[in-house]
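Overview (structure and organization)
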Amino acid sequence: MITNKCTFLGTIYELSEVRMTANGRKAIKLTLSVRTGKDAEGKSIYEYIPCRAYEAKAELIAKWFSKGKAIGLETHCHRYTAEIEGIARSEERFSRNAE
C-alpha cells in the first residue's frame, strides 16, 4: 500500500476567503508557518507551507480559524506542473479533500 499523508502543526500565516474553483468546488488557500528548529544563534527557523482545503473543510477553516491561530492539518502532497511564458514550472502542493 502506498500512503501519501503529510501532517503539519503550525500557525496560519496567510488565509484567503473561500472561493469557487473553475469546476464549482469551494476552496480556500492558506499558508502555514511551521517551526523547524533553531539556528546557531538560537533563533527559530520557520518553513512556510502553502496548503489548500476543499468543500466542507474549506468552510470549517474559514469559520473557525484566522491568521495567527494554531492549526494541525493532515494533507496529501501533489506535484503541480504548468508552463508559464514558455517555461516549465513545478511545485508541490498540499491539499485536504483533493481529488
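Provided above is the structure to which this section pertains.
Now for a look at the structure at hand. No experiment lies behind these values; they were computed from the predicted model shown.

Further remarks concern the overall build of the protein chain. Broken down by element type, the protein chain carries 1 helix and 6 strands. Written out in order from the N terminus, the α and β elements of the protein chain read β-β-β-β-α-β-β. Referenced to the eigenvectors of the C-alpha coordinate spread, the extents of the protein chain come out at roughly 45 × 40 × 35 Å. When the 99 residues of the protein chain are sorted by exposure, 24% land in the buried category. Working note: accessible area of the protein chain is about 7300 Å², and carbon and sulfur atoms make up 50% of it. Across the protein chain, the 17 positively charged side chains and the 13 negatively charged ones have centroids separated by 6 Å.

This paragraph deals with the environment of Y80. Here Y80 lies in strand β5 (residues 70-84). Residues Y80 and E91, spaced 11 residues apart in sequence, show a C-alpha to C-alpha distance of 5.4 Å. Ignoring anything within four residues of it in the chain, the contact list for Y80 reads R89, S90, E91 and R93.

So, on to the pattern of salt bridges. The full count for this structure, using the stated rule, is 4 salt bridges. Close ionic contact of K26 with E59 constitutes a salt bridge, the shortest N to O distance being 2.4 Å. Residue K26 is found in strand β3 (residues 26-38), and its partner E59 is found in helix α1 (residues 55-64); the two are separated by 33 residues along the sequence. Classification of E59 as partly exposed rests on a relative accessible area of 38%. Among the ionic pairs, E41 bridges to K43, the shortest N-O distance being 3.9 Å. Both residues of the pair, E41 and K43, count as exposed.

What counts and how
- Residues numbered from 1 in each chain as written.
- Predicted model: local features only at pLDDT ≥ 70, side-chain atom pairs only at ≥ 80, totals over all residues.
- Heavy atoms only, no water.
- Helix = DSSP H or I, 4+ residues; strand = E, 2+ residues; numbered from the N terminus.
- Buried < 20%, exposed > 50% of the residue type's maximum accessible area, 1.4 Å probe, protein only.
- Areas by Shrake-Rupley, 256 points an atom, 1.4 Å probe, with all protein chains shown as cover.
- Lys, Arg positive; Asp, Glu negative; His and termini not counted.
- Charge placed at Lys NZ, Arg CZ, Asp CG, Glu CD.
- Contact = heavy atoms within 4.5 Å.
- Salt bridge = Lys/Arg side-chain N within 4 Å of Asp/Glu carboxyl O.

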